[in-house]
Amino acid sequence: MVIQLESLKMKKYLAAIVLLVCSTLSAQVQFEARVSKTTLGLNERLRIDFMMNVDGDNFVQPSFDGFQIIAGPSQQVSQSWVNGRSSFEKAYSYFLVPNQKGTFIIKPAAIEYNGQIYKTAPVKIIVTAATEQPRDPNDSQISGDENLYLVADVSKTNPYINEPITVVYKLYFANIGISNLGESSKPKYNDFWSQNIEIKQLAAEEGIFKGQNFRFIVLKKVVLYPQKSGRLKIEPLSLSVDVQLPTNRRDMFGRMMLTETTKRVSAGAKTITVKPLPETGKPEDFSGAVGDFDFKVTPSKTNLKHGESLDLVVSVTGKGNLKLFSLPKPVVPNALEMYDAVHSEDISTPLSGMAGKSSDSYTIIPQYRGNYPVKPMQFSYFDLSSGAYKTLHSSQIMINVLDGPTPADSTATDGNKNKITTIEEFKTIKSKTNFAVINKKDFFGSNLFIGLLLLPFLLVPIIVLFKKKKEAMDGDISGNRIRMNNKLAKKYLSEAKKQINNKELFYIALEKAMHNFLKAKLHIETSEMSKDNIQELLLSRNAKPEAVNDFIALTENCEVARYAPSSSVTIQQDFDKAVFIISELEKQIA
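Residues numbered from 1 in each chain as written. Predicted model: local features only at pLDDT ≥ 70, side-chain atom pairs only at ≥ 80, totals over all residues. Heavy atoms only, no water.

(A) Geometry of the overall build of the chain. Secondary structure summary: the chain contains nine helices and 30 strands in total. Looking at the chain alone, contacts between residues at least 24 apart form 71% of all its contacts between residues at least 6 apart. Carbon and sulfur atoms make up 52% of the accessible area of the chain, which amounts to about 34600 Å² in all. (Helix = DSSP H or I, 4+ residues; strand = E, 2+ residues; numbered from the N terminus. Contact = heavy atoms within 4.5 Å. Areas by Shrake-Rupley, 256 points an atom, 1.4 Å probe, with all protein chains shown as cover.)

Set out below in structure tokens:
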């Protein structure tokens, strides 16, 4: 019994000792994050070491938000004995470069030891603008800084509004190797219209920079058109570049050894001082065109019959800001109905700026017989070479409508419209014929002969009805307009389908198709197409509210979608939706 009690006491003592040792070890676990600096420039590196005095497992690194890992993790373990006491140290090391300026928090890392989780304290890092020189004079990056430059060449720093300028980004390097070029921050062109020029393949060239021989790579070419006057800032392009730097060491074969590091280079911000266009001599019709242009107004034909249409094309060709101004609109007599323009462009944008052709095509339909003039048009632009405004003029165009009703005919009564003209050419046909019988089969008396003989009598009422219907259609101005609007709705829907890969032209054609559908079904003009008026007229014609709301929403979306980003899937969905809505309204409208 005594032995058992003593054994029980011994177990209690051993358990207490084990708990004491474990708690002592736990209290001695150290796990911390050490950084090489807490404030650094945008072009400097940061080293961070996660140190522990125990052999922790399951190391979990932080996310390093705001930084890019350029090396690591590397692991080091050291153990030593001094005066009979052992010491242990284990570290995970990283080299980081910042992505942008600001204040960042490196979140805790974690390890597991003896079933417990240990975490480091968060570390605050401040990133400032790029420094002129690395702060450590012994840093091997000095040779990289002296032999690696990112430059933005601007063609002109004091242009007029809408005068093209170019920015060419070049990376100069000498006596070093470079690889893995990546954009850390993209340039921003606020208050500029911009167009990137495609560079198919990067190639190194020889050149002089700062009076010395360098190699360079053209990375990016951009054409800019300033949209307002004053001092405009171009935010810089920044790159992350892997650099191979020579050292003073050599390998066993006598070749120079290289060390690789990652460098951050920036082209620096550029300020453009934009001049306003002069107010002196500015024409009243000036719409913002700047460059060198030709102006033409061309009809597809000038002589046409009633019911036919012509296309009047207003076009500007030349070199300048072709995508950034509107074309003048022709003025036609009331007897000619003119539909909204279909805009088209054939414009290229090389490094020298936009060049090509911009045009608006108007469909015109005459309502009455007669001769109708299209007034001369004019187009004004600012000529950069002379520094003055110029105005171009078109000549008057005469449209000759050869037949059809006159304005007086349109007021005639229905009785006059339906009057049948006597068919004179069939009066000489006899109703009875005497046939002589002969002994041979002949054409006379055959079934074919009888059929051909009776055919004119069968055709007479058909011809009379056709002529009557044609006269009624010719005099029905409103009906002709409805039929033409139906044709135009189908035409513009087909035009929208052709332009399905060109977002802006697609939505222009789709909007015109919707408008022409309304003209055909509601007998209204473009000027009457307010949202409330369309809704009231469609509902009064027994259209369902859901279909009316979908139609109005899609029409309004056409204007917004021209300038908003959209995918090919969205464009196809809008086209399918338009076809469905028009089909549904066709069934519903009384």
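(B) Quick look at the packing of helix H6 (residues 503-522) against helix H8 (residues 545-561). It is at 9 Å that the axes of H6 and H8 come closest, and there the two elements cross at 150°. Considering the angle they form, H6 stands roughly antiparallel to H8. Between H6 and H8 lies a crossing whose hand is left-handed. Together, Lys-503, Tyr-507, Leu-510, Glu-511, Met-514, His-515, Phe-517 and Leu-518 of H6 and Phe-551, Leu-554, Thr-555, Asn-557, Cys-558, Glu-559 and Ala-561 of H8 make up the contact between the two elements. Class assignment of the residues belonging to the contact of H6 with H8 gives a composition of nine nonpolar, three polar and three charged. (Axes fitted to C-alpha atoms, helices over the stretch in contact; angles between N-to-C directions. Parallel < 35°, antiparallel > 145°, perpendicular 65-115°, else oblique. Left-handed = near helix turned anticlockwise from the far one by under 90°. Nonpolar A, V, L, I, M, F, W, Y, C, P; charged D, E, K, R; others polar.)

(C) Representation of the sheet that holds strand E8 (residues 110-113) within the structure. Within the open sheet, the three strands sit side by side as E4-E8-E9. Their pairing is antiparallel. Single-partner strands in this sheet number two, and they are strand E4 (57-60) and strand E9 (116-119). Averaged over all adjacent pairs, the angle separating strand axes in this sheet is 20°, with direction ignored. Looking at chain direction, E4 and E8 are connected through two bridges and run antiparallel. Within E8, the position partnered with Asp-57 by the bridge is Glu-112. (Pairing = 2+ DSSP bridges.)

(D) Quick look at the packing of aromatic side chains. Applying the stated criterion across every chain, the model contains 25 aromatic pairs. Taking 5.6 Å as the distance between ring centres and 70° as the angle between the ring planes, the aromatic pair formed by Phe-67 and Phe-104 counts as edge-to-face. Separated by 37 residues along the polypeptide, Phe-67 in strand E5 (residues 67-82) and Phe-104 in strand E7 (residues 102-106) bring together distant segments of the chain. No difference in accessibility class separates Phe-67 from Phe-104, as the two residues are buried. With centroids separated by 5.3 Å and ring planes inclined at 50°, the aromatic side chains of Tyr-149 and Phe-209 adopt a geometry described as tilted. A residue pair is termed long-range when its members are at least 10 positions apart, and Tyr-149 in strand E11 (residues 148-154) and Phe-209 in strand E15 (residues 204-209) qualify at 60 residues. In textbook terms, an aromatic cluster arises when at least three aromatic residues are bridged by ring pairs, as seen for Phe-50, Phe-59, Phe-64, Tyr-92 and Tyr-94. Sitting over the ring of Phe-216, Lys-170 keeps its end group 5.1 Å from the ring centre. The positively charged end of Lys-275 is found above the aromatic ring belonging to Tyr-160, 4.2 Å away from the centroid. (Phe/Tyr/Trp six-rings, centres within 6.5 Å; stacked < 30°, edge-to-face > 60°. Buried < 20%, exposed > 50% of the residue type's maximum accessible area, 1.4 Å probe, protein only. Lys NZ or Arg CZ within 6 Å of the ring centre and 35° of its normal.)

(E) Expanded view of the pairing of strand E3 (residues 46-52). Along E3, six of the seven residues are buried, which leaves the element largely enclosed by surrounding structure. With five bridges joining them, strand E1 (residues 31-35) and E3 adopt antiparallel strand pairing. Across the sheet, residue Glu-32 finds its bridge partner in E3, namely Met-51. Pairing of E3 with strand E6 (residues 85-98) involves seven bridges; the strand directions are antiparallel. The partner of Asp-49 across the bridge, within E6, is Ser-93.

(F) How the structure looks around the nonpolar core. Ranked by internal contacts, the top residues of the largest apolar core, which has 34 residues, are Leu-148 and Tyr-169. Among the secondary structure elements, those contributing two or more residues to this core are E11, strand E12 (165-173), strand E16 (212-226), strand E17 (230-234), strand E18 (238-250) and strand E20 (270-274). Those residues in contact with Leu-148, other than ones at most four positions away along the chain, are Leu-171, Tyr-172, Phe-173, Ile-176, Ile-178, Val-241, Val-243, Lys-263 and Val-265. (Core = buried A, V, L, I, M, F, W, Y, C linked by side-chain atoms within 4.5 Å.)

(G) The arrangement of the confidence of the model for the chain in detail. When pLDDT is averaged along the chain, the result is 80, and 79% of the positions lie at 70 or above. In the model of the chain, helix H3 (residues 414-417) stands out as the element of lowest mean pLDDT, 45, in contrast to strand E28 (residues 378-383), which has the highest, 96. Contacts from residues 20-27, a stretch scored under 50 in pLDDT, to residues over four places away or in other chains number two contacts. Across residues 133-142, confidence stays below pLDDT 50; counting only partners more than four residues off in sequence or on other chains, it has 17 contacts. (pLDDT = per-residue confidence, 0-100.)

(H) Region of the structure containing the pairing of E16. Burial runs high along E16: 11 of the 15 residues are buried. Of the strand pairs in this sheet, E12 and E16 are connected by nine bridges, and their pairing is antiparallel. Bridging across to E16, Tyr-172 finds its partner in Phe-216. Taken together, the six bridges between strand E14 (residues 192-197) and E16 define a ladder with antiparallel strand orientation. Bridged to Ile-197 within E16 is Lys-221.

(I) A look at the sheet that holds strand E22 (residues 303-304). Read across the sheet, three strands follow the order E22-E30-E27 without closing on themselves; strand pairing throughout is mixed. The two strands at the open ends of the sheet, each matched to only one other strand, are E22 and strand E27 (370-374). Here five bridges tie E27 to strand E30 (residues 397-401), and the two strands are oriented antiparallel to one another. Within E30, the residue paired with Pro-373 across the bridge is Met-398.

(J) Representation of the UniProt feature "transmembrane region" (unreviewed entry) in the chain. Mapped onto this numbering, the UniProt entry annotates "transmembrane region" (unreviewed entry) at residues 448-466. Regarding residues 448-466, the helix share stands at 100% and the strand share at 0%, and the terminal C-alpha atoms are separated by 26 Å. (UniProt positions renumbered as here; feature names shortened; annotations may be inferred.)

(K) Local environment of a nonpolar patch on the surface. A surface patch of nonpolar side chains, amounting to about 640 Å² of accessible area, comprises Leu-448, Leu-452, Leu-455, Leu-458, Leu-459, Ile-462 and Ile-463. Summarising the element assignment, Ile-462 is placed in helix H4 (residues 447-475). (Patch = residues over 30% accessible without salt bridge, like charges linked within 9 Å, V, L, I, M, F, W, Y side chains within 5 Å. Salt bridge = Lys/Arg side-chain N within 4 Å of Asp/Glu carboxyl O.)

(L) Here's a closer look at unusual backbone geometry. Even without being a glycine, Asn-58 presents a positive backbone phi close to 55°. Along the chain, Asn-58 turns up in strand E4. Residue Phe-64 is not a glycine yet carries a positive backbone phi of 55°. Examined against the element boundaries, Phe-64 turns out to sit in the loop between E4 and E5. Residue Phe-64 is classed as buried on the basis of its relative accessible area of 3%.

(M) Examining the pattern of salt bridges more closely. Following the criterion strictly, the structure yields 13 salt bridges and no others. Linking Asp-191 and Lys-228 is a salt bridge whose minimum nitrogen-to-oxygen distance equals 3.5 Å. Separated by 37 residues along the polypeptide, Asp-191 in the loop between strand E13 (177-185) and E14 and Lys-228 in the loop between E16 and E17 bring together distant segments of the chain. Judged by its relative accessible area of 38%, Asp-191 is partly exposed. Close ionic contact of Lys-282 with Glu-279 constitutes a salt bridge, the shortest N to O distance being 3.2 Å.

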